[in-house]
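# Structural features, examined
As a plain string of letters, each chain reads:
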Amino acid sequence: MTSSFDKFADSLQEEINQDVMKTYGEKVYERWRNPRFIGTMESPTGYGRVTGTCGDTMQIFLRLEDGIVSEASFTTDGCGCSAVCASVACELAMKKGVERLEDITGKAILGVLGELPEDDVHCAFLAAETLQAALDASMKPGK
Ligand code: FES
């Protein structure tokens, strides 16, 4: 039996879902509902942690094998859009050689997601910057 509180919670969630879909579009909505590559990683070969001007901090973990990204994951304490953008950054990085990771810019992430509201565009650039920080760390001697 569904309580009136459960019904209220369900309708509130549905309202939030519709708002996200309307504001951000289907691609962002789908990834927001099912973020891929989320989580930390034991002993990554590349690790980047960047705090954006908005105050949110993102981490990206990479595992490189023979110069190819075999695993990628992220965490963020930021907005839902930061998780969506970091998820795309990780997806774009997968199976790519290090020389191609520099192509994963904020603009490239936006290209996958389509237009974001102006206030959220920086989330894509934070994801790209964090990925580059992870790449830079992987290039340091000893890695
Ligand atoms: Fe800070 Fe989105 S508002 S990353």
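In this text the structure is predicted, and so the values were computed from the model without any measurement.

## Comments concerning the overall build of the chain
- Scanning the chain for helices and strands turns up six helices and three strands.
- Counting helices and strands in the order they occur from the N terminus, the chain gives α-α-β-β-β-α-α-α-α.
- Seen through its principal axes, the chain has C-alpha atoms that stretch 60 × 35 × 25 Å.
- By residue count, 41% of the 143 residues in the chain fall in the buried class.
- Counted over contacts in the chain with a minimum sequence separation of 6, partners at least 24 positions apart contribute 56%.
- As displayed, the chain has an accessible area near 8,200 Å², and 51% of this comes from carbon and sulfur atoms.
- Computed over 14 positive and 23 negative side-chain charges, the separation of the two mean positions in the chain equals 4 Å.

## A word on helix H3 (residues 80-93)
- Over its 14 residues, H3 extends 20 Å from the first C-alpha to the last, a length consistent with the 20 Å expected when each residue adds 1.5 Å.
- Along H3, the positions that sit buried rather than exposed are Cys81, Ser82, Ala83, Val84, Cys85, Ala86, Ser87, Val88, Ala89, Cys90 and Ala93.

## A short note on the packing of aromatic side chains
- Applying the stated criterion to the full structure yields two aromatic pairs.
- Seen in terms of ring centroids, Tyr29 and Trp32 are 6.1 Å apart; in terms of plane orientation they differ by 45 degrees. Their pairing is tilted. Taken together, the residues Tyr29 and Trp32, both in helix H2 (residues 26-33) and three residues apart, mark about one turn of the helix.
- The exposure class assigned to Tyr29 is buried, which follows from its relative accessible area of 12%.
- Judged by relative accessible area, which is 29%, Trp32 ranks as partly exposed.
- A ring pair is formed by Tyr47 and Phe61, whose centres lie 5.2 Å apart and whose planes are at 40 degrees; its orientation type is tilted. Here Tyr47 is found in strand E1 (residues 46-51), whereas its partner Phe61 is found in strand E2 (residues 57-65), with 14 residues between them in sequence.
- For Tyr47, a relative accessible area of 32% translates into the label partly exposed.

## What about a nonpolar patch on the surface?
- On the surface, Phe5, Phe8, Leu12 and Ile16 cluster together into a nonpolar patch covering about 410 Å² of accessible area.
- You can see Phe5 is positioned in helix H1 (residues 4-24).

## Some remarks on the sheet that holds E2
- The strand order across the open sheet formed by three strands is E1-E2-E3, and the pairing between neighbours is antiparallel. One side of each edge strand has no neighbouring strand; the edge strands of this open sheet are E1 and strand E3 (68-76). Averaged over all pairs of adjacent strands, the angle between strand axes in this sheet comes to 15 degrees, irrespective of strand direction.
- Across six bridges, the pairing between E1 and E2 is antiparallel. Paired with Val50 across the two strands is Met58, which belongs to E2.
- Lying over the sheet, helix H6 (residues 121-138) contacts E1 and E2, oriented at roughly 140 degrees with respect to E1.

The rules behind these values
- Residues numbered from 1 in each chain as written.
- Predicted model: local features only at pLDDT ≥ 70, side-chain atom pairs only at ≥ 80, totals over all residues.
- Heavy atoms only, no water.
- Helix = DSSP H or I, 4+ residues; strand = E, 2+ residues; numbered from the N terminus.
- Buried < 20%, exposed > 50% of the residue type's maximum accessible area, 1.4 Å probe, protein only.
- Contact = heavy atoms within 4.5 Å.
- Areas by Shrake-Rupley, 256 points an atom, 1.4 Å probe, with all protein chains shown as cover.
- Lys, Arg positive; Asp, Glu negative; His and termini not counted.
- Charge placed at Lys NZ, Arg CZ, Asp CG, Glu CD.
- Expected span 1.5 Å × (residues − 1).
- Phe/Tyr/Trp six-rings, centres within 6.5 Å; stacked < 30°, edge-to-face > 60°.
- Patch = residues over 30% accessible without salt bridge, like charges linked within 9 Å, V, L, I, M, F, W, Y side chains within 5 Å.
- Salt bridge = Lys/Arg side-chain N within 4 Å of Asp/Glu carboxyl O.
- Pairing = 2+ DSSP bridges.
- Axes fitted to C-alpha atoms, helices over the stretch in contact; angles between N-to-C directions.

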